[in-house]
Amino acid sequence: MKKAHSRASSGVRELDDTLGGFYWGDNVVWENDEPGGAEPFYRAIAARLNDFDFAAFVTVGRPPEELHESFSGLEVVDGRSGSELAQPKALLNAVRTACGGDRKELLLFDSLEHMAEQWGTEAAGAFFIHCCPMLLQLGAVAYWSLDPRAHPQKLRRDIEEVTQCVIAVGNGRVRVSKAEGRSPRVQGAVFRYRVENDAPELEAAPAAARLGAALRTVRLQRGISQGELARLAGVSPSAVSQAERGRRGLSLETLLHLTDELQLTLDELLRGEVSPGYRLARRHEPPAQADGRPLRLVDDPQAGLRVYLVRLPPGGSSGPPFPHKGVELVAVARGLVQCVLQSGRPVLREGEALLVEQGGMASWKNLGDAEAMLFWILRDG
């Protein structure tokens, strides 16, 4: 399969090293603190057209001739006023038709500001909230961009909640605000940033820059001014301004006091937002893989839980790759599966689960004439 064991490159080595590339289905929202902040990153991924089987720019405001000049080789999906795809529903259907199947697909979207100008803010937000999960399901990598100052806070929050990646650009810095399916250390990563020869160049930023970007993110999320944040921290507004720009840090005592006032942990403050309380396991191997090998989704020693995805072809069987001491659970998502235990061989239908408290799983077998899928969940003793 074309997507097997691969992810998509962002076109920027430092981002790829940090994120591990993009999962097929990732929607990447670029938040711009300055006009055109996302443009170099759009060009960087568009320069890797050979990595994709299909790549297109979805426009609602920019004319095709301008796009052909800036993004040579990309197809254009024209949703501008007066075109057949000028309405959100028609454009959504066109995007759905263009994607799907076992292809490596890239979509670059016009800014949310252009969509809001054409359709209104509410309709632009609704288009994103419908299109984003659709592209996740279809497995296409999509770039979106917005100016966070140009949209209501609720819309920005809705967009950030439904997408997979959020990357903030501005003030000479790039900050990973959200990266689902990656290690917790990735979120909050900050780079110094400049454009050389029309291409983005990144380098790891010092701790003060990471703190500054996180402070600004938290402040904007809370809707408070630098003066209000300074009052909560017990420092001058000038100290907060310099900290946000990465020119100086704040003492540990000040940070601990500020986290108490904001009701955050220090770790949450440094990540730039409240911990969502969950960890998403993103599948990076293709849905078509069905050789019975368990694919690890979650392996968290702290929580004591491990989760594996198992896909079995018709008549196929396999077993756990290692013995396990502790409680196990098999949940069948699709098909008819027989579980082989020391004490029996129960058969599970779609939507049924088996709890194994002693002995552990020996193997599982697909008894149906179509692919079966199950989750093998372990709780360590």
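Heads up: these notes are all about the structure in this document. Since the structure is predicted, the reported quantities are computational estimates derived from the model, not experimental observations.

## A closer look at the pairing of strand β14 (residues 337-341)
In summary, the side chains of a regular strand alternate between the two faces of the sheet. Of all five residues in β14, five are buried, a share of seventy percent or more. Taken together, the two bridges between β14 and strand β15 (residues 347-348) define a ladder with antiparallel strand orientation. In the sheet register, V337 faces β15, and the bridge partner there is L348. In this structure, the hairpin formed by β14 and β15 is closed by a connection of five residues.

## Quick word on helix α9 (residues 226-233)
Where α9 is concerned, the buried positions are L229, A230, L232 and A233. The buried residues of α9 occupy an angular sector of 160 degrees when the element is viewed end-on, so they sit on one face. Taken from the residues just after α9, G234 is the one with a positive phi, measuring 75 degrees.

## A word on the packing of helix α4 (residues 88-98) against helix α6 (residues 121-138)
Contact pair α4 / α6: the axes reach a minimum separation of 11 Å and the direction vectors enclose 10 degrees. When the interaxial angle is binned, α4 and α6 end up roughly parallel. Residue-level contacts link P88, L91, L92, V95 and R96 of α4 to F127, H130, C131, M134, L135 and L138 of α6. Residue classes in the contact of α4 with α6 are distributed as nine nonpolar, one polar and one charged.

## A look at the sheet that holds strand β17 (residues 361-366)
Taking strand neighbours across the sheet as the criterion, the four strands line up as β12-β17-β14-β15 in an open arrangement whose pairing is antiparallel. In the strand order of this sheet, the two ends are held by β12 (317-318) and β15, each with one partner.

## Side note on the packing of aromatic side chains
Inspection of every chain in the model, using the stated rule, returns 17 aromatic pairs. Between Y42 and F57, the aromatic rings sit 6.2 Å apart at their centres with planes inclined by 50 degrees, giving tilted as the arrangement. On the criterion of sequence distance, the pair formed by Y42 in helix α2 (residues 39-46) and F57 in strand β2 (residues 54-59) is long-range, its members being 15 residues apart. A relative accessible area of 3% means that Y42 is categorised as buried.

## Observations regarding the sheet that holds strand β18 (residues 372-380)
As a general point, the strands of a sheet are linked pairwise by backbone hydrogen bonds and lie either parallel or antiparallel. One open sheet accounts for five strands, arranged β10-β11-β18-β13-β16; its pairing is antiparallel. A strand with exactly one partner marks an edge of an open sheet, and here the two such strands are β10 (295-300) and β16 (353-356). Within this sheet the neighbouring strands show an average axis-to-axis angle of 15 degrees, counted without direction.

Cut-off values and rules
- Residues numbered from 1 in each chain as written.
- Predicted model: local features only at pLDDT ≥ 70, side-chain atom pairs only at ≥ 80, totals over all residues.
- Heavy atoms only, no water.
- Buried < 20%, exposed > 50% of the residue type's maximum accessible area, 1.4 Å probe, protein only.
- Helix = DSSP H or I, 4+ residues; strand = E, 2+ residues; numbered from the N terminus.
- Pairing = 2+ DSSP bridges.
- Arc of directions from axis to C-beta.
- Axes fitted to C-alpha atoms, helices over the stretch in contact; angles between N-to-C directions.
- Parallel < 35°, antiparallel > 145°, perpendicular 65-115°, else oblique.
- Contact = heavy atoms within 4.5 Å.
- Nonpolar A, V, L, I, M, F, W, Y, C, P; charged D, E, K, R; others polar.
- Phe/Tyr/Trp six-rings, centres within 6.5 Å; stacked < 30°, edge-to-face > 60°.

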